[in-house]
Every structure is written in C-alpha cells, then in structure tokens.
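Okay, here's what each chain looks like letter by letter:
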Amino acid sequence: MKSFIPSTSRLVLLPALVVAVAVWLKGYVEAGDSFGAGVLGALAVLLQYVASGREEARRLPGVRYAPHVAGVGLLLLLGVAFGPLVWGAAPVTHYPRPGGVVTHFGTLEFHTSVLFDAGIFLVVMGFIVTAIDGLVGQSHRGG
C-alpha cells in the first residue's frame, strides 16, 4: 500500500510558500518579518525531504538552485545597503525619501525596504535549504 504522505506534502508545498510570502508582505501593514517568512519557506521544503526523500526533493527548482537564491538575496541586500553611496547618500538610505511619492500595489508600498526584506527572505530560505540538502547528502554518503 502506497503512503499518502508524499502526495500530501506536494499539495502542501505551494500553499506553504504562499503563506511564507504573505508573512513577508504582512510586515508592511502589520507586524510581520522576512526572516520568519524565509524560515517558513525552508520548512515547507524540509517537509519535502522528510516525506519524499532527497532525490525527489532535489527535483524542485528551489532546492537545486538554493545556493543561487541565497546569492541573489545577498546581492540584493548589498545593493540596497550600499547603492545610495553611488548618489552620495549614506549607506542604507531608503527611497523614496519621506514626503516623496510612493508607488502602490494595493496596500503594498514599493520602496527600498521592500527590496531589503526580499533579500533577507532569499538569503534565509536559500541558506537553510542549502544546509538541509548538505546535511541530508552527508548522511546519505555515510559521513
């Protein structure tokens, strides 16, 4: 008899990632954070490892490219942090400045702190998934 757990874990993956993004975006309306969202996303991937095994989990694009995801997040963080130096502003200066025009998408306001939080989300999720994959790979090699 085949277990229902692997198929259920695949069904739960996308909603769990949507919840992680919602937690990240909630920080711009109420209390929420990108670090916690990255951890939630990584836990959704960990569920795939537990339910389906390493070979099946590595078929997911987010797992195969997790180190690249973390790298993109780090570049995004560095760009937001040190990009203002190009225009003669202090590091981590957020744009638009107070009183400036902010672009909206529904209730979400687009400014550089959204990019900074996106970088944190990507770094946390990418690092945790890479670490999980490395630990599982190490245990498969017998070391």
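- As recorded in an unreviewed UniProt entry, the chain goes by the name Sodium:proton antiporter, listed as coming from Cystobacter ferrugineus.
- The UniProt entry for the chain carries this comment under Sequence similarities (unreviewed entry): "Belongs to the CPA3 antiporters (TC 2.A.63) subunit B family."
- Quoted verbatim from the Subcellular location (unreviewed entry) field of the UniProt record, the comment on the chain reads "Cell membrane".

### Some words on the packing of aromatic side chains
Step number 1: Applying the stated criterion to the full structure yields one aromatic pair.
Step number 2: Measuring from centroid to centroid gives 6.1 Å for Trp24 and Phe121, while their planes differ by 20°, and the two rings are stacked. Here Trp24 is found in helix H1 (residues 5–26), whereas its partner Phe121 is found in helix H6 (residues 112–140), with 97 residues between them in sequence. Across the pair, exposure class does not vary: Trp24 and Phe121 are buried alike.

### Some words on the pattern of salt bridges
Step number 1: Applying the stated criterion across every chain, the model contains three salt bridges.
Step number 2: A salt bridge links Arg59 to Glu56, with the shortest nitrogen-to-oxygen separation between them at 2.6 Å.
Step number 3: Residue Glu56 is classed as partly exposed on the basis of its relative accessible area of 30%.
Step number 4: Between Arg58 and Asp133 there is a salt bridge whose closest N-O contact spans 3.5 Å. In this pair, Arg58 is assigned in the loop between helix H3 (54–57) and helix H4 (61–64) and Asp133 in helix H6, connecting sequence segments 75 residues apart.
Step number 5: For Arg58, a relative accessible area of 30% translates into the label partly exposed.

What counts and what doesn't
- Residues numbered from 1 in each chain as written.
- Predicted model: local features only at pLDDT ≥ 70, side-chain atom pairs only at ≥ 80, totals over all residues.
- Heavy atoms only, no water.
- UniProt positions renumbered as here; feature names shortened; annotations may be inferred.
- Phe/Tyr/Trp six-rings, centres within 6.5 Å; stacked < 30°, edge-to-face > 60°.
- Helix = DSSP H or I, 4+ residues; strand = E, 2+ residues; numbered from the N terminus.
- Buried < 20%, exposed > 50% of the residue type's maximum accessible area, 1.4 Å probe, protein only.
- Salt bridge = Lys/Arg side-chain N within 4 Å of Asp/Glu carboxyl O.

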